[in-house]
Amino acid sequence: MTISSIGDNDPCPCGSGKTYRQCCHGRISDADSDSNAQRAAEMVRKALEGHEFRSLEELQAFVTGHVRPQNEHPLDEFHGLSPEQMHSLLYRPFASPDVAIIAEAPEGGATAPISRLFDLLALAIGDQGLKPTATGNLPRAVCREAARSYWDEKAYQDRMQFGAINSEPDFLELHVARLTAERAGLIRKYRGRFRLTQDARRLLSDNGLAAIYPRLFRTYVERCNWGYWDRYPDLPFIQHAFLFTLYLLTRYGTTWRPHRFYEDTFLTAFPMLVREVPPNDIIAPEQTVRSCYTWRALVHFAGFLGLAVVEPASDKLLCPDYRVKALPLLAKTVHFPMPT
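Source: prediction; values computed, not measured.

Chemist: Before we go on, may I ask you to explain the overall build of the protein in this structure?
Modeler: Regarding its fold elements, the protein presents 14 helices and seven strands. Of all 340 residues assigned to the protein, the portion counted as buried reaches 46%. Sequence-distant contacts, at least 24 apart, represent 63% of the contacts inside the protein between residues at least 6 apart.

Encoded structure:
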C-alpha cells in the first residue's frame, strides 16, 4: 500500500494503531522525501529484516510494539510533546488529564474580555428582558453604551475614527460575545425579547461571572466559528489546535515575544496548513496562514478569552508588529502536567 492510496480510515502506516486521519494525515506527503512517515516506514522495514511471522496479527503486533516508543518520544517540532501527547491535545482536549487539565471554574475568569462583555449584556437585559431590533440584534443605544463601558474614553474615541457604532455587528466584540452566550445556553430570545436563561441566573447567583467563564470558554472553542471575525480562508485546524496554542503560551509566554515567534512555532508543527490555502496571486499561502493564526489564535482567542495580552510593539499607526505575553488567567485555566 502506498501513501497516496491510504484512506482516511485505514490504519496509519506509522504503526500507531490509529487511523490515518487521526494520526499522520497532513504530515505525510509524496513530495516530502524526509517526512516522518517515510522515516518511520524505513525504520520498520529495517526492523522487519530477518523476521518471519505466522499471521498478519503477529506482524501488526510486532510493528506496533516497535513503533510505540517513537510515538512516545518528544519531537522538536512539537516543542517537547510526543506524537501521542499531540494526538490527545488535538482530539481529546477536555478528556486527557495526563496531558492537559482544564479548570472547571478558574479564579479570575470574570476579568476576561468575553466575561466583561457578557456582564454588560446581562445588565442591559436585566429582569425585564431586552427587545431586539428588526434584524434580531441588540439596540444601537445599548451597543454604544456598552462600548463606552468596555473601552476607556480615549480608546472609544480612537475606535470611532474608523466608523460609528450604528448596529450590533459594528461592535464586533460584543456581537461575538452575544452569539457565544446564546450557543452556551446563557442567553435566549423568548417572547420577543433577549433574556437570561435560568441556567445563567443560577450560575450568576452562585458564583458570579467566575461561574460563567468556563461555559463561555468551552463554547467558544467547540461551537463557535473563529473565522466569523475575519475574511481569511476556512483553516479550521487553527481552532482545532487551540490547546496547542495554549501549550505554547504556557511554555514561552512568561516573557514578551513577537507574534511571529508563535507563527513560526505553529507552522513548524503543522506545515501542511500552507497547502490548505486556496491559490492567491497577491498573498503567499504561508503569509495567509501566519496572519490568520495571529488574529484567530492569538488576538481573537487568547486575547479575547483573557489568557494573553497581544498589543502593538510600537506606537506607530497601524503597526504591523505585535508582542505577546501570557496572563495569569492562563495558568489558572489550563495546567499541563508534563514538563513545559
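Chemist: Got a minute to help me understand the nonpolar core in this structure?
Modeler: In a soluble, globular protein the nonpolar side chains are often hidden away together inside. Counting residues in each nonpolar core, the largest one holds 90 residues, and the members touching the most others are Phe118, Tyr220, Phe244, Leu246, Phe270 and Phe301. The contacts of Phe270, once residues within four sequence positions are left out, are Met86, Leu90, Phe237, Ala241 and Phe244.

Chemist: Help me understand the pairing of strand S6 (residues 322-326) in this model?
Modeler: Strand residues, when the strand is regular, have side chains that alternate between the two faces of the sheet. In this structure, strand S4 (residues 257-258) lies alongside S6, joined through two bridges in antiparallel fashion. Within S6, the position partnered with Pro258 by the bridge is Arg323. Here strand S5 (residues 308-312) runs beside S6; their pairing, made up of five bridges, is antiparallel. Along S6, the bridge assignment pairs Glu311 with Arg323.

Chemist: Looking at this structure, I do not really get the sheet that holds S4. What am I missing?
Modeler: By definition, the strands of a sheet pair up through backbone hydrogen bonds, in either a parallel or an antiparallel sense. The antiparallel open sheet is built from three strands, whose spatial order is S4-S6-S5. Two strands in the sheet have a free side with no partner beyond their single neighbour: S4 and S5.

Chemist: Explain the environment of Val176 here, please?
Modeler: As for its position among the elements, Val176 is in helix H7 (residues 172-183). Residue classification places Val176 among the buried residues on the basis of a relative accessible area of 6%. Here the alpha-carbon distance between Val176 and Leu117, two residues 59 residues apart in the chain, equals 9.5 Å. Contact partners of Val176, with chain neighbours within four places excluded, come to Tyr220, Tyr228, Trp229 and Phe304.

What counts, and where the lines are drawn
Residues numbered from 1 in each chain as written. Predicted model: local features only at pLDDT ≥ 70, side-chain atom pairs only at ≥ 80, totals over all residues. Heavy atoms only, no water. Helix = DSSP H or I, 4+ residues; strand = E, 2+ residues; numbered from the N terminus. Buried < 20%, exposed > 50% of the residue type's maximum accessible area, 1.4 Å probe, protein only. Contact = heavy atoms within 4.5 Å. Core = buried A, V, L, I, M, F, W, Y, C linked by side-chain atoms within 4.5 Å. Pairing = 2+ DSSP bridges.

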